[in-house]
Amino acid sequence: MSCVGQIDVDRDPAWADWRDPAAYTALHGCGRPVFAWEWLRRSPAYRAACHMYDNAALRSCDAAHFGLHRFEAPGLGFLEARPIWRADADPFVLIADAGGGDDVFDIARFGTLATCHIDKSGEHWLLSDGYRHLRLDIVRGTLRNRPVHLNFHVQGLTHLIPAISSLTRLVALDRTGRLVPALFPAERRAHRWALVLRTYDALVSGASQRSIDEVLFNLDVLPRWRIEAPSYRRRVQRLVAAARQWAKTDPRFWLIGGAH
């Protein structure tokens, strides 16, 4: 378990080699929070904000501009990163009071799965193995000292469905000690999303559409690419258009299903 509030701003992003498909394969089994982070860490605005302050002066109010409780180093890929999204950005965040009573929850059982950020509004917990994420905000009391009874805040039908999903995942975690993969199904479009992300990395590296086409689809070098591979050319054009559009999209839209 870790409670953290600083990042290593000197770990500048070193994107995966877009020519290596293995660097993106792990994304095929991931959900929206992973893609939200992968797009956020590529954002020039986010990267600039991370470097604006030294380690001792990073402020949560600035991170809130990006939907986070604290800055996370943009050089960390999703397996290492532990971005703590705010409840106003992520509808799956559980909100609870911690106190005395039976049927207790012990955060200490989950070791390195648990990360916490503490501010004046309470404790903001992330339980994550990199692939899967479960968020819990404690607005009264604390999880840090002993096992506690949790009283959850669930209001309105709009928040009921994501709350039920998160509560089911939390119950399974408490019973098994792990984030149960079956309760975090991969998005069926994750393969395409990873391909768009890879296309964006290729564009940032200065690759041409023709080079992207040849690498992504294992095409031999074609002297008359525009004529000999029109279907592949149109496909890469669509990927490039999507990459440019998603790079301009607020990464928080991934958390609410706004990106596709």
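Residues numbered from 1 in each chain as written. Predicted model: local features only at pLDDT ≥ 70, side-chain atom pairs only at ≥ 80, totals over all residues. Heavy atoms only, no water.

> Where do I start with the pairing of strand β2 (residues 94–105) in this structure?
When β2 meets strand β5 (residues 133–140), the two strands line up parallel, connected through four bridges. Each bridged residue has a counterpart across the sheet, and for Asp-97 the counterpart in β5 is Arg-140. (Pairing = 2+ DSSP bridges. Helix = DSSP H or I, 4+ residues; strand = E, 2+ residues; numbered from the N terminus.)

> Would you take a moment to explain the pattern of salt bridges for this structure?
Close approach of charged atoms allows side chains with opposite charge to pair. One pass over the full model with this rule turns up 12 salt bridges. Measuring nitrogen to oxygen at the nearest pair gives 2.8 Å for the salt bridge that ties Arg-42 to Asp-201. In this pair, Arg-42 sits in helix α2 (residues 32–42) while Asp-201 sits in helix α6 (residues 190–204), placing the two residues 159 residues apart along the sequence. For the residue pair Arg-42 and Asp-201, the accessibility class agrees, reading buried in each case. Through salt bridges with shared partners, a single ionic network connects Glu-38, Arg-41, Arg-42 and Asp-201. (Salt bridge = Lys/Arg side-chain N within 4 Å of Asp/Glu carboxyl O. Buried < 20%, exposed > 50% of the residue type's maximum accessible area, 1.4 Å probe, protein only.)

> Help me understand the nonpolar core in this model?
Membership of the largest hydrophobic core comes to 43 residues, with the highest contact counts inside it found for Trp-18, Leu-27 and Tyr-46. Elements that contribute at least two residues to this core include exactly α2, α3 (44–50), α6, α7 (209–216), α9 (230–248) and α10 (252–255). Leave out the neighbours within four places in its chain, and Leu-27 touches Val-34, Phe-35, Glu-38, Phe-78, Ala-190, Ala-194 and Leu-197. In terms of nonpolar packing, the next biggest core, distinct from the first, is built from 21 residues, Ala-114, Leu-134, Val-148 and Phe-184 among them. (Core = buried A, V, L, I, M, F, W, Y, C linked by side-chain atoms within 4.5 Å. Contact = heavy atoms within 4.5 Å.)

> What's the story with a nonpolar patch on the surface in this structure? I'm lost.
Where nonpolar side chains cluster on the molecular surface, the patch consists of Phe-152, Val-154, Leu-157, Leu-160 and Ile-164 and spans about 440 Å² of accessible area. On the secondary structure map, Leu-160 appears in helix α5 (residues 160–176). (Patch = residues over 30% accessible without salt bridge, like charges linked within 9 Å, V, L, I, M, F, W, Y side chains within 5 Å. Areas by Shrake-Rupley, 256 points an atom, 1.4 Å probe, with all protein chains shown as cover.)

> What is the right way to look at the packing of α2 against α6 in this model?
Any two packed helices are characterised by how steeply their axes cross, that is the angle between the axes, and by the distance between the axes. At a minimum axis distance of 11 Å, the contact between α2 and α6 shows a crossing angle of 5°. Judged on the interaxial angle alone, α6 and α2 are roughly parallel. In contact with Arg-32, Phe-35, Glu-38, Trp-39 and Arg-42 of α2, α6 contributes Ala-190, Trp-193, Ala-194, Val-196, Leu-197, Tyr-200 and Asp-201. When grouped by side-chain class, the residues that make up the contact of α2 with α6 number eight nonpolar, no polar and four charged. (Axes fitted to C-alpha atoms, helices over the stretch in contact; angles between N-to-C directions. Parallel < 35°, antiparallel > 145°, perpendicular 65-115°, else oblique. Nonpolar A, V, L, I, M, F, W, Y, C, P; charged D, E, K, R; others polar.)

> Hey, could you run me through a positive patch on the surface in this one?
A cluster of basic side chains, namely Arg-192, Arg-234, Arg-235 and Arg-238, defines a positive patch on the protein surface. Looking at the positive patch element by element, the count peaks at three residues for α9. With respect to the secondary-structure elements, Arg-234 resides in helix α9. (Lys, Arg positive; Asp, Glu negative; His and termini not counted. Charge placed at Lys NZ, Arg CZ, Asp CG, Glu CD.)

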